[in-house]
Amino acid sequence: MSEQSTDLRETVRRRYAAAAVQVTEGGAACCGPEPVEVDENFGSTLYATDERDTLPAEAVAASLGCGNPTAVAELREGERVLDLGSGGGIDVLLSARRVGPTGKVYGLDMTEEMLALALANAEKAGATNVEFLKGTIEAIPLPANTIDVVISNCVINLSVDKAAVFAETFRALKPGGRIGVSDVVADDALTPEQRAERGDHVGCIAGALSFAEYRAGLEAAGFNDIEITPTHSVADGMHSAIVRATKPVTAGTSSEADRSADTCCGVNACCTPAEAATDPAFSAAEAKSAAGCGCQD
């Protein structure tokens, strides 16, 4: 990663850490947390009142997104969901209600302060089917082919390596899995310089891809059934958009004849003394748990 990219990521991290601290300290005051200041195109007002009312006030106050991905991802009972850039946990908690006790929702964030806030919010909400992970969206800390749905709310446009985000998202999804994200997308006619004039990178605008670039990036990663639908303007020529795409059912799969007979659920030599995760970053138990494998012993 270049020095400029490293500096930009650190700038993003500091901004969101400060937002988490603001909400946490406000929540300790007599009058409850103060929402992080954003304009009318971002934040908790993009969620229905009945949704906001079911959540801890701190989760709502920390909302900085440009949409409501849980409203468009068509989540179903029992699904495994990953939220990229989960922040204070608003989308994780809403998703957890939709997938129910047989489902699981992971929230991924690189900011310690946001992760601490999200864990506190999950405890207040009584959510037992959620797990928060520390890491970057360019290197998702989950085994391949283990997630049904990936959601995100105005975070992918903050990435310094969007191609890596698309590739990692594709890797983590099961064949047939899908994405349903809200993100900022630019008109194709706008140059990167013109996008930068409309807002800073941390404010979700300067780093946005154009419609054509976003589609090309998803296609290059292997996605199909791509839909990018603008919902509202956030600046001149810049839009909040709903992005949907699907990982082909045949992606990354092999026939039973070609598949290793002693491999299941991301684990080699499954259920034997020699078992080990195919991804060295995980223990065998972690790989089985993330895969939802029936062979847990």
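Residue positions are counted from 1 within each chain, in the order its sequence is given. Local features are withheld for residues below a pLDDT of 70 in this predicted model, meaning they are given only at 70 or higher, and side-chain atom pairs are given and counted only at 80 or more; totals for whole chains, interfaces and linings count all residues. Working from all heavy atoms in the structure, the side-chain values ignore hydrogens and water.

Visitor: What is the right way to look at the nonpolar core in this model?
Guide: Proteins that are soluble and globular tend to have nonpolar side chains buried together. Residues belong to a common nonpolar core when they are buried Ala, Val, Leu, Ile, Met, Phe, Trp, Tyr or Cys residues joined through side-chain atoms within 4.5 Å. The rule is simple: take the accessible area with a 1.4 Å probe, protein chains only, and divide by the maximum for that residue type; under 20% is buried, over 50% is exposed, in between is partly exposed. By size, the foremost hydrophobic cluster in this structure holds 31 residues, and its most contacted members are Leu82, Ile179, Tyr214, Leu218 and Phe223. Among the elements of the structure, β1 (80–84), β2 (104–109), β4 (147–153), α6 (162–172), β5 (173–186), α8 (211–221), β7 (224–235) and β8 (238–246) are those that each provide at least two residues to this core. The contact partners of Phe223, leaving out residues within four places of it in the chain, are Phe166, Thr169, Phe170, Leu173, Ile179, Leu218, Ala245, Thr246 and Lys247. By size, the runner-up hydrophobic cluster in this structure holds 15 residues, among which are Ala96, Leu115, Val130 and Val149. Only DSSP runs of H or I with at least four residues qualify as helices, and only runs of E with at least two residues qualify as strands; both kinds are numbered from the N terminus onward. Whether two residues touch is decided by their heavy atoms; if any such pair falls within 4.5 Å, the residues are in contact.

Visitor: What exactly am I supposed to notice about the pairing of β4 here?
Guide: Each regular strand shows side chains that alternate between the opposite faces of the sheet. Across the seven residues of β4, seven count as buried, placing the element largely inside the fold. A pair of strands is labelled paired if DSSP reports no fewer than 2 bridges between them. In this sheet, β4 lies alongside β1 in parallel orientation, the contact comprising four bridges. What sits directly across from Val81, in β4, is Val149.

Visitor: Honestly, the pattern of salt bridges in this entry has me stumped. Any pointers?
Guide: Think of it this way: side chains of opposite charge can pair up when their charged atoms draw near. Note on definitions: salt bridges are taken to be side-chain nitrogens of Lys or Arg within 4 Å of carboxyl oxygens of Asp or Glu. On inspection of all chains with the given rule, the structure shows eight salt bridges. The residue Glu79 makes a salt bridge to Arg76 at a minimum N-O spacing of 3.4 Å. Ionic pairing is found between Glu131 and Lys104, a salt bridge with its closest N-O pair at 3.0 Å. Placement of the pair is Glu131 in strand β3 (residues 130–134) and Lys104 in strand β2, with a sequence separation of 27 residues. For Glu131, a relative accessible area of 33% corresponds to the partly exposed category. Bridged by salt links that share partners, the residues Arg76, Glu79 and Arg178 form one connected network.

Visitor: I would appreciate a short explanation of unusual backbone geometry in the present structure.
Guide: Most peptide bonds take the trans configuration, and most residues that are not glycine carry a negative phi. Of note, the phi angle at Cys154 is positive, near 60°, even though the residue is not glycine. With respect to the element layout, Cys154 can be found in the loop between β4 and α6. The phi dihedral of Asp225 is positive, around 50°, even though this residue is not glycine. For Asp225, the position within the fold is in strand β7. Residue class for Asp225 comes out exposed when judged on its relative accessible area of 56%.

Visitor: How should helix α5 (residues 112–125) be read in this particular structure?
Guide: Two residues of an α-helix separated by three or four positions point the same way, owing to the 3.6 residues in each turn. Expected span, for any helix, means 1.5 Å times one less than how many residues it has. Compared with the 20 Å implied by 1.5 Å per residue over 14 residues, the 20 Å span of α5 between its first and last C-alpha is a close match. Met114, Leu115, Leu117, Ala118, Asn121 and Ala122 are the residues of α5 that are buried. Down the axis, α5 shows its buried residues gathered within 160° of arc, on one side only. In this structure, α5 carries Glu123 and Lys124 as exposed residues pointing more than 90 degrees from its buried face. The reported arc concerns the directions from the helix axis to the C-beta atoms and nothing else.

Visitor: In this structure, what is going on with the packing of aromatic side chains? I would like to understand it.
Guide: How two aromatic rings sit relative to each other is given by the distance of their centres and the angle of their planes. Here a pair means two rings of Phe, Tyr or Trp (six-membered ring of Trp) with centres within 6.5 Å. Their orientation is stacked below 30 degrees between planes, edge-to-face above 60, and tilted elsewhere. Counted according to the given criterion, the structure contains two aromatic pairs. Note on Phe166 and Tyr214: the rings are 5.3 Å apart at their centroids and 50° apart in plane angle, and the pair reads as tilted. You can see Phe166 sitting in helix α6 and its partner Tyr214 sitting in helix α8, a full 48 residues away along the chain. Classification of Phe166 as buried rests on a relative accessible area of 4%. Given the relative accessible area of 1%, Tyr214 is considered buried. Ring centres of Phe170 and Phe223 lie 5.1 Å apart, and the angle between their planes is 90°; this geometry places the pair in the edge-to-face category. With Phe170 in helix α6 and Phe223 in the loop between α8 and β7, this residue pair connects regions lying 53 residues apart in the sequence.

Visitor: Help me out: how do you make sense of the pairing of β8 in this one?
Guide: Of all nine residues making up β8, seven are buried, and the element is well covered by its neighbours. With nine bridges connecting them, β5 and β8 associate as antiparallel partners. In the strand pairing of β8, Ser182 is matched with Ile242. Pairing of β7 with β8 involves eight bridges; the strand directions are antiparallel. Within β8, the residue paired with Ser233 across the bridge is His239. Linking two consecutive strands that pair antiparallel, namely β7 and β8, is a turn of two residues; a positive phi of about 80° is found at Gly237 within it.

Visitor: Looking at this structure, I do not really get the confidence of the model for the protein. What am I missing?
Guide: Detailed conclusions should not be drawn from predicted coordinates in areas where pLDDT is low. A residue's pLDDT is the confidence the predictor assigns to it, expressed on a 0 to 100 scale. Per-residue confidence for the protein gives a mean pLDDT of 77, with 60% of residues at or over 70. In the model, residues 27–39 has pLDDT below 50 throughout and makes 25 contacts with residues more than four positions away in sequence or in other chains. Below pLDDT 50 for its whole length, residues 253–263 participates in eight contacts with residues either more than four positions away or in separate chains.

Visitor: Could you clarify how one ought to interpret α8 in this entry?
Guide: What α8 keeps buried is the set Phe211, Tyr214, Gly217, Leu218 and Ala221. Down the axis of α8, the smallest arc covering the buried residues is 135°, so these residues share one side. Structurally, α8 contributes buried residues whose contacts are with α6, β5, β6 (209–210), β7 and β8. Of the residues flanking the end of α8, it is Gly222, one or two places downstream, whose phi is positive at about 115°.

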